[in-house]
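This is what each chain is made of:
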Amino acid sequence: MRQRPTGTGARRRRRLGTVSALVAAAVLATAAVAPAAPGDAGAGAADRLWPEPGIGGGRLRTLAGVLRQDRPGTGWYLVGGAHLVLNLQVSYADHEQIVLRFPPARRVVSVLCGPDETYAPLGFSCGASVSLDRVTVRLGRNGRPVDPTATSAGPYANFWLLGLVEPR
């Protein structure tokens, strides 16, 4: 039986190999579920990575905003002025989530959420769960769920939201 090399370098190489395998699997899975063009049933996944211009009706709606809470307990809002808010509105926030609304969509392409340079070093993360008319954002810190009503990192700390949907 072959023994695994030990030491810091070996662990790093194994970790890098694991990460590389996960990234490759994610890329292949994305390619495998990409929609085929009509009448293109025999095409391989790689041939379907770039959809035809007509897919999505040639129009996608952008969802974008900068989510902020100045002080714990003050509520969340989308920053205007220096930042542009596109097709999003904060509906409510409770002890588990922040819910935002947008005009009804036919399909969702994706919605991404990320902490800014203030929240990220403090170990905060965010994730978006999306339906056809709302985005539910949940926050975490160091891998554990966080109460959104008590998370303010200061008056200029943000979570960034960006998404694409196909309008109805």
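Residues numbered from 1 in each chain as written. Predicted model: local features only at pLDDT ≥ 70, side-chain atom pairs only at ≥ 80, totals over all residues. Heavy atoms only, no water.

(A) The overall build of the protein, seen in detail. For the protein, the count of helices and strands is one helix and nine strands. Out of the 168 residues belonging to the protein, those deemed buried represent 30%. Sequence separation of 24 or more characterises 64% of the internal contacts of the protein that already satisfy a separation of 6 or more. For the protein, the accessible area works out to roughly 10,800 Å², and carbon and sulfur atoms hold 57% of it. (Helix = DSSP H or I, 4+ residues; strand = E, 2+ residues; numbered from the N terminus. Buried < 20%, exposed > 50% of the residue type's maximum accessible area, 1.4 Å probe, protein only. Contact = heavy atoms within 4.5 Å. Areas by Shrake-Rupley, 256 points an atom, 1.4 Å probe, with all protein chains shown as cover.)

(B) Representation of the packing of aromatic side chains. For the coordinates displayed, the defined rule picks out three aromatic pairs. Judged by centre distance (6.0 Å) and plane angle (50°), the rings of Trp76 and Phe159 are tilted. Pair noted here: Trp76 is in the loop between strand E1 (61-68) and strand E2 (77-78) and Phe159 is in strand E9 (residues 158-167), with a separation of 83 residues, a long-range link. Looking at Trp76, the relative accessible area reads 7%, which means it is buried. An aromatic cluster is defined as three or more aromatic residues linked by ring pairs; in this entry it consists of Trp76, Tyr119, Phe124 and Phe159. (Phe/Tyr/Trp six-rings, centres within 6.5 Å; stacked < 30°, edge-to-face > 60°.)

(C) Spatial organisation of the pattern of salt bridges. Under the counting rule described, the total for this entry stands at three salt bridges. Residue Arg101 is joined to Asp133 by a salt bridge in which the shortest nitrogen-to-oxygen separation is 3.5 Å. Taken together, the residues Arg101 in strand E4 (residues 98-101) and Asp133 in the loop between strand E6 (124-130) and strand E7 (134-141) connect sequence positions 32 residues apart. Between Arg107 and Glu166 there is a salt bridge whose closest N-O contact spans 2.7 Å. Taken as a pair, Arg107 in strand E5 (residues 105-115) and Glu166 in strand E9 lie far apart in primary sequence, 59 residues in all. Counted as one network, the salt bridges with shared partners bring together Arg106, Arg107 and Glu166. (Salt bridge = Lys/Arg side-chain N within 4 Å of Asp/Glu carboxyl O.)

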